Structure formats: C-alpha cells, structure tokens
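What the coordinates show
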Amino acid sequence: MDATKLRDIVTGAIGREQLEEFARELGAVKRQSKVHMMELVTALILAARTNAGGRQAEAMRVFRDHLGGARIARSTYYERFNSGLVALMQGLLDRALEAARADPVRLPPAIAFVQDWLIQDATTVKLHDALVPTYPGAGDYAALKVHKLYSIGRENLIGYRVGPAREHDAAQFKVDASWRGKGVLVDLGYVSHAFIRDCEEHGVSFVIRLKEGWKASVKGVAVGELTPRKSKAPLDLAHALSTMKLRSDDGVLDADIELPMETGRFPVRLVMLQIKGKGVCTFLTNVPRDKAPAALVADLYRLRWNIEHDNRLNKSDWVLDEIDGEKPESVEVLVYASLLGSVIVNRIVHADTVARLDATEPARVGPLHVRLVALTLATSAQMLAIAIVEGDESDLAWTRIARGIDAGGRDPNWRRTPSVLDIMHGFNLGPAKKRQNSNNRPPRNKQ
C-alpha cells in the first residue's frame, strides 16, 4: 500500500483545511471553542466501528479521550447534531463520491465490452419509534432505506439516496441517457417490462433473473432443446422450464425469446444453468451471445453480490443497522458517517487493485479485503486520528499505517476461495504448493 496514496485518499475526504472551510461556508461552525468540527467529524467516522453504549455516545468518548477534544457538557455535544452538521456530513460524503467517480475504471477483459457495470440495491435500517413520522417503515415502525448505486469497475459506491423504508425500491431507480454504454445488474425488486424497455431505448446492457409469471415466445434455441408445441400462445417461462418443455443441454439452455409488451415485442436471451450448490438459475439478458456465453452471463450476475458485501461493510464495521438517534438530524449524520467510512476503505482497496493490475510481475500476496482493511484501520485509529487532526504531512505516520494495512488487510483465502472478480482479474494463482516435510524426504543417492 502506497503511503502517499493512502494519505491523499483519507485527507481528501476529511482533511483539516478543506473541512473547516466547508464547515464555515455551510454555517456549521458555531461555538468553535466548545466543539471543534474537525475532531467531531473524525470521531464520528472512527467511532462508527463500534457501538459501545450507542453510536453518538461512543463518538463523544473518542472525541474527548483520543482526539484531545474539549471537556464539554453532554447537552452541548448533542446540540451539534443539527441541520448544519447534516449538511456538512452530506457535503463530505458527496465530495468523497466525486473522488470515487474520478477513480479509474478497471474491468476484467471478459466483461469490458461496456464502459462499466453498475449495481443498484437498497439496505433497510430500523430506527427509534419516535421517527415514524419522518421515516415510516413498511409496518408500524420507523425505518429508512439507503439506496445505493455501486460501480464494479471502481469497486465503490458512486451514488446514493436516503429515504423512508416505505418507498418502493423501483421508484428510486430510473435508466436514462446517462447510462448509455454501461451495463446494469439488479435483483427482482427493480425488474419490470418498463426497465427492459428503458434499457433498450438508452443502449444499456443488463443481466437479471427471470421474473415469475412472465410470458414469452421462443424464437430459437442456440443451446438446448424446445419440445414441439401445438399452441402458438406465449409460454409461461417458469412453467415451461418446470415441465421440461424447454430442455437443457448438459445443464445449459441458451435461447432467443420475445417478451410481449404494450409497445411491442422485445427480443432478449434466456439463459438457464445448473450451478453447483444453487440448483437451476435462469437469467434474462440483452448481451449478445458472441460477447457473453451462458457461463459468463451467470458470472456477471454473481458480481451483483459485491453490493451485498458493501452493505455488510456498512452494517458490520460501521454499525449502520444500530443507529440509536431519536432526531432525524442525528440519524442522518450517522448514516452519512457510515457511508463515508466505507467509501474511504473502498477507495484504498481499489487503489491497490489498480497497482496490482499495472504491475509487470504477478503479485505474490493476496488482494486487499475491504473488511480486513476496515479492521486494520480500527486498530490504527488513534494514530490515524492524530495524523488527520494535526494535519501531519510527514510520511512517517502514514507509512506505518500503510504497512499495517499491508500486514493485516490482505485476504488470507485468496488462493483457496477467490472472489469472482478476483478470478476475472487473474489474481488467483492457484493453491500454494505444500512444503515437503524434511522427515519424509527420500534419501539422496550418494555417489
């Protein structure tokens, strides 16, 4: 891990000078002698890794004990969680996302026939019952949803929206002209005929799961077999597959179908595969067969789990699902702090990926793992906080932190169980050779 790159990523997101200038512009600095904004923001991000006694209380402890913050009254501290701090944290997150969007897109060659592959998903966070009027859930409880847009080529979040959990996911997701030339992976909550129609209109590639009950006309089967039918009515695809009217060839079916819609018939590919441990999986895609054979279509959809890993990073390492605030402002500050922390870690991991791909020799150590990097930064929290708060531009502190990431942030299972993306990048060198026990070595022939 390059120490200079690490410093640029972290201080670019929460550096002292730009943060204080930003705070003044937004009017978020009040009673500066009582609560220093730099120390408070840093504490919110560092304390997000633990929930000892509540997120806000833990941030106060880190602020006071580790960052040299003022000994302030609890009421003064909680007053800082206001609309000004919300605007500041949201601005910092938006600026970090702008930097993430500027990172180089590095797709594996097999899926680089689009500019980037994007994933849309949402994660739900339950809240205190007092917040039902602001963030109504699907039932009689309070909850919000963080709607995410994730880039495979940047390994990071590049867009988000925070709203009430009662809102349907599909309403937050709209394919438009800005998506032209890209690919998208979504789960069934976002899938509709309108989604497919928008993708076709704007030149967007997609891979989705088959939605139950959809009708289709089969135009041809490239791999597999179609049982002859007397009726020319559209097939119910799920029923046809279950009754074997569409038969696979060695566990693979790849057929051209048309979906009947109000505005006409849309041609798509139906891909069915027998996947070990998962059974039969069925996908729809508009990616041509010469660009993505059936097996690659399945691997592409498996990449959708990258956003689930990002959700786990937010919830496990930044305690996103244990927010204890009772004011909307408190909740929003803590949500933005969690997202900001994960964006920083993802940028660190992606910088390492780019360095590995640009290296002339294959790497002999594993790629960085986002959760291990987050844990490694947690162990260096005090050193990291001092380097950030004091604006330490020297290489000493950042070099020590970078070495800690190299030592503790590498994936120990990269040879045995590499991720789909690591395999596509060629990072898996295969299992390491076992060392031969010297006691079991055959005797050498003596001449």
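Higher on the page you've got the structure.
Right, let's walk through the structure included here. These figures come from a predicted structure and were not determined experimentally.

Some remarks on the overall build of the protein chain
Helix and strand counts for the protein chain come out as 15 helices and 12 strands. With 447 residues in all, the protein chain has 50% of them scored as buried. When contacts within the protein chain are restricted to residue pairs at least 6 apart in sequence, those whose partners lie at least 24 apart make up 65%. By element, 49% of the accessible surface of the protein chain is carried by carbon and sulfur atoms, the whole surface being about 21,200 Å².

Side note on helix α1 (residues 3–14)
Here α1 spans 16 Å end to end across 12 residues, near enough to the 16 Å set by a 1.5 Å rise per residue. Looking at α1, one finds that the buried residues are A3, L6, R7, I9, V10, T11, A13 and I14.

Let's talk about the layout of surface pockets
In this model, the largest pocket occupies a volume close to 920 Å³. Lining the largest pocket are 35 residues, and of these W305, N306, H309, S419 and V420 sit closest to its centre. Within the residue set of the lining of the largest pocket, elements represented by two or more residues are β12 (279–285), α9 (294–302), α10 (305–317), α11 (328–358), α12 (370–379) and α15 (420–425). Top element by residues in the lining of the largest pocket is α10. It accounts for 5 residues. Approximately 230 Å³ is the volume attributed to the second largest pocket. Forming the walls of the second largest pocket are 14 residues, and the residues nearest its centre are K5, A351, D352, V354 and A355. Of all the elements in the fold, those that place two or more residues in the lining of the second largest pocket are α1 and α11. No other element matches the 7 residues that α11 contributes to the lining of the second largest pocket.

Observations concerning the nonpolar core
L44 and I348 are the most contacted members of the largest nonpolar core, which has 76 residues in total. Per-element tally for this core: the top contributor is α11, with 14 residues. Look past the residues within four positions of I348 in its chain and what remains in contact with it is M1, L6, I9, L368, V373, L377 and I405. Of all hydrophobic cores here, the second largest spans 30 residues; its members include L118, A122, A255 and V268.

With respect to the packing of helix α2 (residues 16–26) against helix α6 (residues 83–102)
Where α2 meets α6, the closest approach of the two axes is 10 Å, and the angle between their N-to-C directions is 130 degrees. Judged on the interaxial angle alone, α6 and α2 are oblique. Here α2 and α6 pass one another in a crossing that is right-handed. On α6, the residues touching Q18, L19, F22, A23 and L26 of α2 are A87, L88, G91, L92 and R95. When the residues that make up the contact of α2 with α6 are grouped by side-chain class, the tally is 7 nonpolar, 2 polar and 1 charged.

Some details on the packing of aromatic side chains
Per the stated rule, a full pass over the model turns up 4 aromatic pairs. Here F113 and W117 contribute two aromatic rings whose centre-to-centre distance is 5.9 Å and whose plane-to-plane angle is 90 degrees, an arrangement assigned as edge-to-face. We classify W117 as buried; its relative accessible area is 0%. Over the face of the ring belonging to Y141 we find K126, whose NZ or CZ atom lies 4.6 Å from the ring centre. It is R356 that lies over the ring of F427; its NZ or CZ is 4.5 Å from the centre.

Thoughts on the side chain of K148
Position of K148 relative to the elements: it lies in strand β2 (residues 143–151). Here K148 falls in the buried class, since its relative accessible area comes to 1%. Separated by 2.7 Å, the side chains of K148 and D310 make a polar contact. Of the polar contacts made by the side chain of K148, one reaches the side chain of N314; its length is 2.4 Å. Contacts of K148, omitting those with residues within four sequence positions, involve I119, Q120, D121, L157, G159, Y160, I307, D310, N311, N314 and L339.

Thoughts on unusual backbone geometry
Located in the positive-phi region is E155, a residue other than glycine, with phi close to 55 degrees. Inspection of the secondary structure puts E155 in the loop between β2 and β3 (156–164). For E155, a relative accessible area of 14% gives the class buried. With a phi close to 45 degrees, V319 is a non-glycine residue in the positive phi region.

What to know about the side chain of D317
Relative to the helices and strands, D317 resides in helix α10. A polar side-chain atom of D317 sits 2.7 Å from a polar atom in the side chain of R371.

Comments concerning the pairing of β2
Counting buried positions along β2 yields 9 of 9 residues, so the element is predominantly enclosed. Burial along β2 is two-sided: the residues A143, K145, H147, L149 and S151 and L144, V146, K148 and Y150 are all buried. Across 9 bridges, the pairing between strand β1 (residues 117–126) and β2 is antiparallel. Bridged to V125 within β2 is L144.

Procedures and definitions
- Residues numbered from 1 in each chain as written.
- Predicted model: local features only at pLDDT ≥ 70, side-chain atom pairs only at ≥ 80, totals over all residues.
- Heavy atoms only, no water.
- Helix = DSSP H or I, 4+ residues; strand = E, 2+ residues; numbered from the N terminus.
- Buried < 20%, exposed > 50% of the residue type's maximum accessible area, 1.4 Å probe, protein only.
- Contact = heavy atoms within 4.5 Å.
- Areas by Shrake-Rupley, 256 points an atom, 1.4 Å probe, with all protein chains shown as cover.
- Expected span 1.5 Å × (residues − 1).
- 1 Å grid on protein atoms, 1.4 Å probe; cavity = no way out; pocket = protein on both sides within 12 Å on 5 of 7 lines; lining within 4 Å.
- Points joined across faces, edges and corners; volume = space filled by probe spheres on them.
- Core = buried A, V, L, I, M, F, W, Y, C linked by side-chain atoms within 4.5 Å.
- Axes fitted to C-alpha atoms, helices over the stretch in contact; angles between N-to-C directions.
- Parallel < 35°, antiparallel > 145°, perpendicular 65-115°, else oblique.
- Left-handed = near helix turned anticlockwise from the far one by under 90°.
- Nonpolar A, V, L, I, M, F, W, Y, C, P; charged D, E, K, R; others polar.
- Phe/Tyr/Trp six-rings, centres within 6.5 Å; stacked < 30°, edge-to-face > 60°.
- Lys NZ or Arg CZ within 6 Å of the ring centre and 35° of its normal.
- Polar contact = N/O pair within 3.5 Å; in protein donor to acceptor, adjacent residues only side chain to side chain.
- Pairing = 2+ DSSP bridges.

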